[in-house]
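Report on the structure
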Amino acid sequence: MELIQNTSDLSAYLAADEAIDHEHPLVRETAARLARSAADSYGYARLAFEFVRDEIPHSQDSGDPRVTWRASDVLEQGTGICYAKAHALAALLRAEDIPTALCYQKFDVVHGLVAVRFNGAWHRQDPRGNKPGVDAQFSLDGEWLAFVPDLEFNELDYPVLYAEPHPVVLSALKAAPDRAHLWQTLPTAL
């Protein structure tokens, strides 16, 4: 699948916004701590991915009722669904000047992940969190995502790489008082 930037301006994929608040002190502190253990930007990207995937539980898996959407809140509260975890990873990567896009897949509902730019190409990564039956890994040599769409069931990969969270996704997160409500209002398409 050919990934398509929604803007040709690569600097947009380094920008901060209300959800990807990489200028927040907690995001900066977390990025600096992870960067101390990395030999280079590729190593940092892997460490940031593994941190978000493994240290921030997916709220559905953990039973946490809280809804987070801002990267700094995800880090502070230590919880989030796929979209929120993607926002946190994007913020950590952008904090270290690694261009990062938000991208989506469609299953019964829309699933969120990120794409990182290395060596002139975009590489999708899924920090959702592993569990039995889900084994996402950081990879620049082919995708190793949590889920693979089945076209027979009208599942698909959206090819667009967004510099900011999709408005439908962000609206659902911001409007949800808790995860139970969010589960009733998750976007089913973009």
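Just above sits the structure.
Residue positions are counted from 1 within each chain, in the order its sequence is given. At least 70 in pLDDT is required for a residue's local features to be given in this predicted model, at least 80 for side-chain atom pairs to be given and counted, and no such filter applies to totals for whole chains, interfaces and linings, which use all residues. Here the side-chain values reflect all heavy atoms present in the structure, with hydrogen atoms and water set aside.

Before going further, it helps to examine the layout of surface pockets. Over the atoms a probe the size of a water molecule is rolled, and this reveals where empty space is left. Only protein atoms enter the 1 Å grid used here, on which a cavity is any set of points holding a 1.4 Å probe that cannot leave and a pocket is any open set flanked by protein within 12 Å on both sides along at least five of seven lines; residues with an atom within 4 Å of a point are listed as lining. Grid points are joined across faces, edges and corners, and a volume is the space filled by probe spheres set on the points. By volume, the largest pocket amounts to about 290 Å³. Around the largest pocket, the lining is made up of 15 residues, and of these Phe107, Val109, Val110, His111 and Phe147 lie nearest the centre. Class assignment for the residues of the lining of the largest pocket results in nine nonpolar, three polar and three charged. Basically, the charged four are Asp, Glu, Lys and Arg, the nonpolar ten are Ala, Val, Leu, Ile, Met, Phe, Trp, Tyr, Cys and Pro, and anything else, Gly included, counts as polar.

Under the defined criterion, the tally for this structure stands at one cavity of 30 Å³ or more. For the largest cavity, the calculated volume is near 30 Å³. If you trace the largest cavity, you find it lined by Ser59, Arg66, Val67, Thr68, Gly80, Ile81, Leu173, Arg179 and Leu182. Looking at the lining of the largest cavity residue by residue, the classes come out as four nonpolar, three polar and two charged.

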